[in-house]
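Close look at the chain arrangement
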Amino acid sequence: MAEVNDKIKANEKAKRRESDSASLRQRGIYLLPNLFTSAALFAGFFAIVQAMNGHFELSAIAIFVAMVLDGLDGRVARMTNTQSAFGAEYDSLSDMVSFGVAPALILYVWALKPLGKLGWLAAFTYCACAALRLARFNTKLEDDNQDKRYFQGLPSPGAAALLAGFVWVSYEYGVSGRDVFFGVLQWKWMAWGLTIFAGLSMVSDLRYYSGKDINLKESVPFFVILAIMLVIVLISYSPPEVLFFVMASYGLSGYVSWVQERLEKVKPELK
């Protein structure tokens, strides 16, 4: 009888050790995906520092680097089955710095500062909209009824890349944030309008394609590989123009889809 009790106690101790070990694994921090998140956070902070030093081209490039790294951390986590609550929260905080605070400060220092209150209010509007966009995204992660193929509102990396691309293209053509063309077109007002547009697009209900339905493990037609190579060549030939054109097209795609949906609803009524 004593031997039986000893075996039962030993089994209970083994189960507790297994439970404690599983609990530690759940509370642990996975290294690989969080390395990418940390790198994205560093790129966002680097963008802020370079903007303060007047190196706006480096600031813009750093935002694009952060965007690439932000896209990789989630995919790496899913591919290696290393998703965690800590990783999700850390990624959100990193996004707020890299795609919320950094672009707002870059645009403010580059072009919006001479506008006074209107300038910093536009920068704050963008920053606040980025925070709201990320908060809304986090609350809908577990919503099974949401269509995963589309984002609700412009994603914060896309909005940040749109502003960074605008700064980079302007720098490439030797245009500063305070230039005036033909005595009428002031570049600071262009920057102001684009900042407000990007901010409000993030908190809108417009649908933007997410690309999450793309399966990288499936075979694709040969022309898809050719198209990818063509995109790489175009970006290599002229990164500022091509990236800004792509991000501007993506930023407008939500509005185009909204117009198409409204037209499709109007057509049956006209018949």
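Refer to the structure above for everything that follows.
Quick caveat, the model's predicted, so the values are computed rather than measured.

Cut-offs and rules
Residues numbered from 1 in each chain as written. Predicted model: local features only at pLDDT ≥ 70, side-chain atom pairs only at ≥ 80, totals over all residues. Heavy atoms only, no water. Helix = DSSP H or I, 4+ residues; strand = E, 2+ residues; numbered from the N terminus. Buried < 20%, exposed > 50% of the residue type's maximum accessible area, 1.4 Å probe, protein only. Contact = heavy atoms within 4.5 Å. Areas by Shrake-Rupley, 256 points an atom, 1.4 Å probe, with all protein chains shown as cover. Expected span 1.5 Å × (residues − 1). Axes fitted to C-alpha atoms, helices over the stretch in contact; angles between N-to-C directions. Parallel < 35°, antiparallel > 145°, perpendicular 65-115°, else oblique. Left-handed = near helix turned anticlockwise from the far one by under 90°. Salt bridge = Lys/Arg side-chain N within 4 Å of Asp/Glu carboxyl O. Phe/Tyr/Trp six-rings, centres within 6.5 Å; stacked < 30°, edge-to-face > 60°. Lys NZ or Arg CZ within 6 Å of the ring centre and 35° of its normal. Core = buried A, V, L, I, M, F, W, Y, C linked by side-chain atoms within 4.5 Å. Nonpolar A, V, L, I, M, F, W, Y, C, P; charged D, E, K, R; others polar. Patch = residues over 30% accessible without salt bridge, like charges linked within 9 Å, V, L, I, M, F, W, Y side chains within 5 Å. Lys, Arg positive; Asp, Glu negative; His and termini not counted. Charge placed at Lys NZ, Arg CZ, Asp CG, Glu CD.

1. Comments concerning the overall build of the chain
The helix and strand inventory of the chain stands at nine helices and four strands. Mapped from its N terminus to its C terminus, the chain presents α and β elements in the order α-α-α-α-α-β-α-β-β-α-β-α-α. Within the chain, the fraction of its 271 residues that count as buried is 35%. Taking contacts inside the chain between residues at least 6 apart in sequence as the whole, the part at least 24 apart equals 80%. Counting every atom, the chain has about 16900 Å² of accessible surface; 66% of that belongs to carbon and sulfur.

2. Some details on helix α7 (residues 187-202)
The first and last C-alpha atoms of α7 sit 23 Å apart over 16 residues, in line with the 22 Å expected at 1.5 Å per residue. What α7 keeps buried is the set Trp187, Lys188, Ala191, Leu194, Thr195, Ile196, Ala198, Gly199, Ser201 and Met202.

3. Examining the packing of helix α4 (residues 85-112) against α7
The N-to-C vectors of α4 and α7 enclose an angle of 160°; their axes lie 9 Å apart at closest approach. Taken together, α4 and α7 sit at an angle that is classed as roughly antiparallel. α4 and α7 meet at a crossing whose hand is left-handed. Two secondary-structure elements touch here, α4 through Leu107, Trp110, Ala111 and Leu112 and α7 through Trp187, Lys188, Ala191, Trp192 and Thr195.

4. Quick notes on the side chain of Thr195
With respect to the helices, strands and loops of the structure, Thr195 is situated in helix α7. For Thr195, a relative accessible area of 0% puts it in the buried group. Here Thr195 is in contact with Leu107, Leu112, Ala122, Ala123, Tyr126 and Leu163, once residues within four sequence places are set aside.

5. Topic: the pattern of salt bridges
Summed over all chains, the structure comprises two salt bridges. A salt bridge links Asp205 to Arg136, with the shortest nitrogen-to-oxygen separation between them at 3.5 Å. With Asp205 in the loop between α7 and β4 (207-209) and Arg136 in helix α5 (residues 117-139), this residue pair connects regions lying 69 residues apart in the sequence. Asp205 sits in the exposed class, given a relative accessible area of 60%.

6. What to know about the environment of Gly119
As for its placement among the helices and strands, Gly119 is situated in helix α5. Accessibility expressed as a relative area gives 0% for Gly119, which makes it buried. Remark: the alpha-carbon pair of Gly119 and Trp192, spanning 73 residues in sequence, is separated by 7.0 Å. In this structure Gly119 touches Tyr108 and Leu112, once residues within four positions along its chain are discounted.

7. Describing the packing of aromatic side chains
Enumeration over the complete set of coordinates arrives at eleven aromatic pairs. Measuring from centroid to centroid gives 5.7 Å for Trp110 and Phe166, while their planes differ by 85°, and the two rings are edge-to-face. With a gap of 56 residues between them, Trp110 in helix α4 and Phe166 in helix α6 (residues 156-172) connect regions that are remote in the sequence. Given the relative accessible area of 6%, Trp110 is considered buried. Connected via pairs of aromatic rings, a cluster forms that spans Trp110, Phe166, Trp187 and Phe244. The cationic tip of Arg207 hangs over the ring face of Tyr150; the distance from NZ or CZ to the ring centre is 4.1 Å.

8. A word on the nonpolar core
One broad trend across soluble globular proteins is that nonpolar side chains are buried collectively. Grouped together as the largest cluster of nonpolar side chains are 49 residues, with contacts concentrated most on Leu107, Trp110 and Tyr126. Each residue touching Tyr126, except ones within four places of it in the same chain, is listed here: Phe99, Gly100, Pro103, Ala104, Ser156, Ala159, Ala160, Leu163, Thr195, Ala198, Gly199 and Met202.

9. With respect to the packing of helix α3 (residues 56-79) against α4
Two elements in contact, α3 and α4, have axes whose closest approach is 11 Å; the angle formed by their N-to-C orientations is 160°. The orientation of α3 relative to α4 falls into the category roughly antiparallel. Like other packed secondary-structure pairs, α3 and α4 cross with a definite hand, here left-handed. Between α3 and α4, the residues in contact are Phe56, Ser59, Ile63, Ala66, Met67, Asp70 and Asp73 and Asp91, Asp95, Ser98, Phe99, Ala102, Pro103, Ile106, Val109 and Trp110, respectively. Of the residues contributing to the contact of α3 with α4, the split by class is ten nonpolar, two polar and four charged.

10. What about a positive patch on the surface?
Residues Arg75, Arg78, Lys148 and Lys212 make up a contiguous surface patch of positive charge. Mapping Arg75 onto the fold places it in helix α3. Under the relative-accessibility criterion, Arg75 is labelled partly exposed at 36%.

In short, shape yes, function no, at least from these values alone.
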